[in-house]
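# Architecture and fold: a report
As a plain string of letters, each chain reads:
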Amino acid sequence: AFLAQIEDFQKKLFEKKKFVLKSEYCITLDQVPESFYPEIVANPSQIEEWKALYSIGESTGQATLSGSRGTVIDIEFLKSHPYLVLDTKFFPQKFKDQLLASFEDLDDATGGLIVKSENWQALNLLQERYREQVKCIYIDPPYNTGSDEFLYKDNYQHSSWLAMLNSRLLLSYPLMGDTSTFFTSIDDNELNAISLIETQIFGANNFIATCIWQKNYAPKSSARHFSVDHDYITIFAKKADNWIPNALPRTKEQDSLYTNPDNDPRGPWMSNNISARNYYSKGTYPIKCPGGRIIEGPPQGRYWVYSKEKFQELDKDKRIWWGEDGNNTPREKIFLSEVKQGRVPQTLWLYKDVGHTQDSKREILSIIPIEFAADVFSTPKPTKLMQQILRIGTDDKKKEVILDFFAGSGTIAHATLNLNREKNGNRRYILVEMAGYFDTLIKPRIQKVMYSSEWKEGKPQNTDGISHIFKYLTMEQYEDTLNNIEFKEAGTVQKTLMDMEGYLLRYMLDFETRESPCRMNVAKLERPFEYTLRITRDNQLHNETVDLVETFNYLLGLKVRRIRTFKDNGTTYRVVHGETLAGQPTTVIWRTIIGLDLKKDKKFIEETVLKDPKLKAERVYINGDFHVEGA
């Protein structure tokens, strides 16, 4: 009983929604009002990051993007470089408040979200905000080979891996809508196991396909038995009957089959046989060629696929090809402009079409220095492979969300930006990763791709960026939760437990820890902008401020429209307005209530904050005590 109570308490701490510790935005300058430019050019930290990311003032090989090393980064420079990426972490809260207030629909303007967190905790927090909102999920989990990053105890490698995958897939399932799909990269080692898990969760009738990706371009002579040249990608749908894959773009090889030897004004064409084996009662008539030859009928055992009348219509419309001398067996002209502009996805994906592992390594190294990229070189995926998945699973023009909760090097975000740039698309992404390279690889990779489409040795080769905003979050983790347990009667708990027979351990754990910061100490909400947790960073404990505003938005599942900051009598009011997934307009008001006159507070909120027609809400939340009617 003693152990069970401890384990139940640990489970409660693990499963509780975790705090957002920090939330920041990266925004291309074309979306930043010019009134902010003077403060931006006066910020040395932002300028230094731009120099480091974009090699400003250095020759980049194909182009010198910013003049000499003495380039002055002034307001005119910002105007001429609209895809420089501003990071709000370098600026004071007032600047950030004013910048975010300039957006009328903040979440709609934000095209990406990257979360630094263990993926179970992140998926748990995202439940209300993204329930049934994710169109396509792709994951590239550790392959459980014994040499990868997956950690396990003693001989429990297989079962630990299965339990880990199963728990995360179960959490991701509610985020999918009825027309959503789930793609998983895997190898031979765990293909059967993961297929069984996915079949249990999705149902056998929602299995779509197992695709084979040719990941190597040359055999490995060092292989003990066989050179393993492929991985698999399993595909399941939430509801297979509701899902139709998008057609893939036609290849150059396919289009090269269409020519125009007769200079037909309708453009390139290819010819097609007009006889078939299937019996057709009107398909046995003689044909006279323009060159004079008489064809008594179709080849033996075959029938013309058109009636004589239909054939004559096609010929009159110059849709029949008789050969250069006019005496060939007639064939129908199929025009490229009239064929279906796409191809059905196939299950064999060759590296010439979607890339191989060496491509992905070279791609990462062209953007990020080797010291930051080496960590993810065990199983890299090329951007072209991810683009193939996104083309099949999502629509160019719709604001569809792609989720990858084993983000690795962030290739899904790179692929999303590439496709959006190519087709002026609107796809959005959510990435989750807990590794240290979140800050040294994933985030800078996205910032660089926003600025330029082509990179070489870490330097941009052009400035043809893409207008984009992404938000990045750092979350509290289970270990942080443990670090923040506080007992009401510190130092007496063990003595009480020893001295009092029948004292309930559950009472000690639940009641005496109720005011711990990790369990939402309601009393501390009187100062919501000063709520702190003890967080371990670099093996040392630090007090870090929690972003309660952002945390509460996710707990409500709030799609944020506007964030506004007001000042009244020295009190700061941070006001968030948006909609829940049920469509209910909701406003959340935060302020420090120590020493606050609640009557004046009521007057200000009712007559100023809630009078804003853009903040009209059916439901209003306010932290701490208040006198506001209906809140």
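Scroll up to find the structure this text is about.
One structure accompanies this document, and this report is about it. Everything numeric here is computed off the predicted structure, so don't read it as measured data. (Residues numbered from 1 in each chain as written. Predicted model: local features only at pLDDT ≥ 70, side-chain atom pairs only at ≥ 80, totals over all residues. Heavy atoms only, no water.)

A ring pair, where both rings are aromatic, is described by two values, the distance of the centres and the angle of the planes. Inspection of every chain in the model, using the stated rule, returns 22 aromatic pairs. Between phenylalanine 311 and tryptophan 322 the ring centres are 5.9 Å apart and the planes differ by 85°, which places this aromatic pair in the edge-to-face class. With phenylalanine 311 in helix α12 (residues 308-316) and tryptophan 322 in the loop between β13 (320-321) and β14 (331-335), this pair connects stretches of sequence that are 11 residues apart. Among the residues examined, tryptophan 322 registers a relative accessible area of 7% and is labelled buried. (Phe/Tyr/Trp six-rings, centres within 6.5 Å; stacked < 30°, edge-to-face > 60°. Helix = DSSP H or I, 4+ residues; strand = E, 2+ residues; numbered from the N terminus. Buried < 20%, exposed > 50% of the residue type's maximum accessible area, 1.4 Å probe, protein only.)

So, on to the sheet that holds β13. Strand order across the open sheet formed by 3 strands is β8-β14-β13, with antiparallel pairing between neighbours. Across the chains shown, the open sheet's two edge strands, defined by having one partner strand only, are β8 (269-273) and β13. One ladder, built from 5 bridges, connects β8 with β14; its direction is antiparallel. Among the inter-strand pairings, methionine 270 is bridged to a residue of β14, identified as isoleucine 334. (Pairing = 2+ DSSP bridges.)

The next thing to look at is the environment of leucine 419. If you trace the backbone, leucine 419 turns up in helix α17 (residues 411-423). On the basis of relative accessible area, leucine 419 is assigned to the buried category, the value being 1%. When neighbours within four sequence positions are excluded, leucine 419 is seen to be in contact with Gln387, Leu390, Arg391, Asn424, Gly425 and Arg427. (Contact = heavy atoms within 4.5 Å.)

Moving on: the sheet that holds strand β17 (residues 428-433). Strands belonging to one sheet form pairs held by backbone hydrogen bonds; the direction of such a pair is parallel or antiparallel. Within the open sheet, the 11 strands sit side by side as β2-β1-β20-β3-β17-β16-β4-β5-β7-β6-β15. Their pairing is mixed. At either margin of the open sheet sits one strand with a lone partner, and together these are β2 (85-87) and β15 (348-349). Sheet strands in contact with helix α10 (residues 191-202) are β5 (176-186), β6 (207-214) and β7 (230-237), and its direction is about 5° off that of β7. Packed on one face of the sheet, α17 meets β4 (134-139), β16 (401-404) and β17 and runs near 165° to β17. (Axes fitted to C-alpha atoms, helices over the stretch in contact; angles between N-to-C directions.)

For the rest of this paragraph, the subject is the layout of surface pockets. The calculated volume of the largest pocket comes to roughly 1000 Å³. If you go around the largest pocket, you meet 36 residues; those closest to its centre are Ser117, Glu118, Met434, Gln477 and Glu479. For the lining of the largest pocket, the elements supplying multiple residues, two or more each, are α1 (2-15), α3 (44-54), α7 (119-125), α9 (157-172), α18 (437-451), β20 (469-475), α19 (478-483) and β21 (532-537). (1 Å grid on protein atoms, 1.4 Å probe; cavity = no way out; pocket = protein on both sides within 12 Å on 5 of 7 lines; lining within 4 Å. Points joined across faces, edges and corners; volume = space filled by probe spheres on them.)

Taken together, the buried positions of α3 are occupied by Gln46, Ile47, Glu49, Trp50, Leu53 and Tyr54. Down the axis of α3, the smallest arc covering the buried residues is 160°, so these residues share one side. In this structure, α3 carries Pro44 and Ala52 as exposed residues pointing more than 90 degrees from its buried face. On its buried face, α3 is in contact with α2 (37-41), α4 (75-80), β2, α18, β18 (455-456) and β19 (459-460). (Arc of directions from axis to C-beta.)

The subject of this paragraph is the environment of isoleucine 593. Residue placement: isoleucine 593 occurs in the loop between β25 (585-591) and α23 (598-609). Excluding residues within four positions of it along the chain, isoleucine 593 makes contact with Glu526, Asn623, Gly624 and Asp625.

This part is about the environment of tyrosine 130. Mapped onto the secondary structure, tyrosine 130 falls in helix α8 (residues 127-130). Along the chain, tyrosine 130 and tyrosine 554 lie 424 residues apart, while their C-alpha atoms are 9.2 Å from each other. The contact partners of tyrosine 130, leaving out residues within four places of it in the chain, are Leu113, Leu175, Ile430, Tyr554 and Leu581.

Right, let's talk about the pattern of salt bridges for a bit. Side-chain pairs of opposite charge can arise whenever the charged atoms involved come near each other. Tallying each qualifying case throughout the model produces 36 salt bridges. Of the charged contacts, one joins glutamate 606 and lysine 602 as a salt bridge, the two residues approaching to 2.9 Å between their closest N and O atoms. Highlighted residues: glutamate 606 and lysine 602, both in helix α23, separated by 4 residues, approximately one helical turn. Assessed through its relative accessible area of 23%, lysine 602 is described here as partly exposed. Between lysine 602 and glutamate 629 there is a salt bridge, with the nearest N and O atoms lying 3.8 Å from each other. Of this pair, lysine 602 sits in helix α23 while glutamate 629 sits in the segment after β26 (619-622), placing them 27 residues apart in sequence. Overall, glutamate 629 belongs to the exposed group, its relative accessible area being 64%. (Salt bridge = Lys/Arg side-chain N within 4 Å of Asp/Glu carboxyl O.)

On to the packing of α3 against α18. One can describe the packing of α3 onto α18 by two numbers: an axis separation of 10 Å at closest approach and a directional angle of 80°. Between α3 and α18, the angle is such that the two are roughly perpendicular. Across from Glu49, Leu53 and Tyr54 in α3, the residues of α18 making contact are Lys443, Pro444, Gln447, Lys448 and Tyr451. When the residues that make up the contact of α3 with α18 are grouped by side-chain class, the tally is 4 nonpolar, 1 polar and 3 charged. (Parallel < 35°, antiparallel > 145°, perpendicular 65-115°, else oblique. Nonpolar A, V, L, I, M, F, W, Y, C, P; charged D, E, K, R; others polar.)

Let us now look at the pairing of strand β24 (residues 571-579). In terms of burial, β24 is a largely internal element, 8 of the 9 residues being buried. In terms of strand pairing, strand β23 (residues 559-568) meets β24 through 9 bridges, oriented antiparallel. Bridge assignment links valine 560 to a residue of β24, and that residue is glycine 578. As consecutive antiparallel partners, β23 and β24 are separated by 2 residues, and within that stretch asparagine 569 has a phi angle of approximately 50°, a positive value.

Our next topic: the side chain of threonine 234. Examined against the element boundaries, threonine 234 turns out to sit in strand β7. Apart from the residues lying within four places of it in its own chain, the contact partners of threonine 234 are Phe182, Phe183, Thr184, Leu191, Ser195, Glu198, Ala209 and Thr210.

For serine 55, which is not a glycine, the phi torsion comes out positive at approximately 55°. Tracing the chain through its elements places serine 55 in the loop between α3 and α4. The phi dihedral of asparagine 569 is positive, around 50°, even though this residue is not glycine. Looking at where asparagine 569 falls in the secondary structure, it is placed in the loop between β23 and β24.

With 7 of 7 residues buried, β20 is to be regarded as a mostly interior element. In the sheet, strand β1 (residues 20-28) pairs with β20 via 7 bridges, with the strands oriented antiparallel. When the bridges of β20 are listed, serine 23 appears paired with leucine 473. Pairing analysis gives 5 bridges linking strand β3 (residues 112-116) to β20, with the strands arranged parallel. What sits directly across from glycine 112, in β20, is phenylalanine 470.

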